[in-house]
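A closer look at the structure
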Amino acid sequence: MTFLKFRLVKGRSLAGLAVSGLMIAVAGCQSGQGGSTAAQPKVLASELQAYCPRVTLREGTAYFNTYAKGGQDDPAKLVYQASISDVTRSCSRADGMLTLNVAAAGRVVPGPAGVPGSVNMPIRVAVVRGDELLYSKLHTVQVAMPDSSAAQFVFNDPNVTFPIPTEASVQVFVGYDEGPPAKKK
């Protein structure tokens, strides 16, 4: 029994040494400043600490339901329900302009009237400062629904651009927006 314990420990020790040696070799290969590697620009502390407005969901825009024709608000005629669960952004600055890459992730769940195919969801990105609208764009996001199971999606608008604000007073919203109501005939 002692022989097995020694052998097991010895095997683990050899494996650990082999992995450590491999890690050191890889680190050595990556640490050199060879002629084929391009110099990376340095990130300044001011860039890391710069204002990048948060993205939020406006109340009532995190969910989107689609019903079969004539079945508005009838649970039995629900084609699908979509929801946004996460939002984020990244910021860059150039020539006095702030550009955000706004992203949202969520899922689409088929309802009782759902069928395989694709669904189109209206997602709006809007940027406001007080009562002033700085940016607004309505996107149509298409999600494939191959069967009767839920589908996940990721949406992004990489071109949300507006003048760099002088103070932290900008709000960025993302959410479902059906647009103006249809005109009655």
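Residues numbered from 1 in each chain as written. Predicted model: local features only at pLDDT ≥ 70, side-chain atom pairs only at ≥ 80, totals over all residues. Heavy atoms only, no water.

1. Side note on the overall build of the chain
- On a plain count of helices and strands, the chain comes out with two helices and eight strands.
- Beginning at the N terminus, the succession of helices and strands in the chain can be written as α-α-β-β-β-β-β-β-β-β.
- A burial count over the chain gives 26% of its 185 residues as buried.
- If you take every contact in the chain between residues at least 6 apart in sequence, the share linking residues at least 24 apart comes to 67%. (Helix = DSSP H or I, 4+ residues; strand = E, 2+ residues; numbered from the N terminus. Buried < 20%, exposed > 50% of the residue type's maximum accessible area, 1.4 Å probe, protein only. Contact = heavy atoms within 4.5 Å.)

2. Concerning empty space enclosed by the protein
- In total, this model carries one cavity of 30 Å³ or more according to the counting rule given.
- The space that makes up the largest cavity amounts to roughly 30 Å³.
- Of the residues that constitute the lining of the largest cavity, the class distribution is six nonpolar, one polar and no charged. (1 Å grid on protein atoms, 1.4 Å probe; cavity = no way out; pocket = protein on both sides within 12 Å on 5 of 7 lines; lining within 4 Å. Points joined across faces, edges and corners; volume = space filled by probe spheres on them. Nonpolar A, V, L, I, M, F, W, Y, C, P; charged D, E, K, R; others polar.)

3. A few points about the environment of Arg 129
- Note that Arg 129 resides in strand 5 (residues 117-129).
- With 41 residues separating them along the chain, Arg 129 and Val 170 place their C-alpha atoms 4.7 Å apart.
- Here Arg 129 is in contact with Leu 134, Pro 165, Ser 169 and Val 170, once residues within four sequence places are set aside.

4. Focus: unusual backbone geometry
- Positive phi, close to 65°, is recorded for Asp 73, a residue that is not glycine.
- Look at Asp 95: it is not a glycine, yet its phi comes out positive at around 55°.
- By the secondary structure assignment, Asp 95 is in the loop between strand 3 (78-94) and strand 4 (97-110).
- We classify Asp 95 as exposed; its relative accessible area is 81%.

5. Some points on the sheet that holds strand 2 (residues 63-67)
- Taken in spatial order, the four strands line up as 2-3-4-7 in an open sheet, and their pairing is antiparallel. With one partner strand each, in any of the chains shown, strand 2 and strand 7 (151-163) form the two edges of the open sheet. Averaged over neighbouring strand pairs, the angle between their axes works out to 25° when direction is ignored.
- For strand 4 and strand 7, the ladder comprises 11 bridges, and the chain directions are antiparallel. When the bridges of strand 7 are listed, Val 102 appears paired with Asp 157. (Pairing = 2+ DSSP bridges. Axes fitted to C-alpha atoms, helices over the stretch in contact; angles between N-to-C directions.)

6. Digging into the environment of Glu 178
- Within the secondary structure layout, Glu 178 lies in the segment after strand 8 (170-176).
- On the basis of relative accessible area, Glu 178 is assigned to the exposed category, the value being 63%.
- Apart from residues lying up to four places away in sequence, Glu 178 is in contact with Phe 64 and Pro 122.

7. Concerning the confidence of the model for the chain
- Taken over all residues, the pLDDT of the chain has a mean of 80, while the share at 70 or more is 71%.
- Averaged over each element, pLDDT in the chain is lowest for helix 1 (residues 2-31) (46) and highest for strand 1 (residues 55-56) (96). (pLDDT = per-residue confidence, 0-100.)

8. Describing the nonpolar core
- Ranked by internal contacts, the top residues of the largest apolar core, which has 29 residues, are Val 108, Met 121 and Phe 153.
- Secondary-structure elements contributing two or more residues to this core are strand 3, strand 4, strand 5, strand 6 (132-145), strand 7 and strand 8. (Core = buried A, V, L, I, M, F, W, Y, C linked by side-chain atoms within 4.5 Å.)

9. A closer look at the state of the cysteines
- With the rule as written, the count across this model stands at one disulfide.
- In this model Cys 52 forms its disulfide with Cys 91; the gap between the sulfur atoms is 1.8 Å. Disulfide Cys 52 to Cys 91: torsion about the S-S bond roughly 75°, handedness right-handed. Here Cys 52, found in the loop between helix 2 (45-48) and strand 1, pairs with Cys 91, found in strand 3; they are 39 residues apart in sequence, far enough to count as distant. (Disulfide = S-S within 2.5 Å.)

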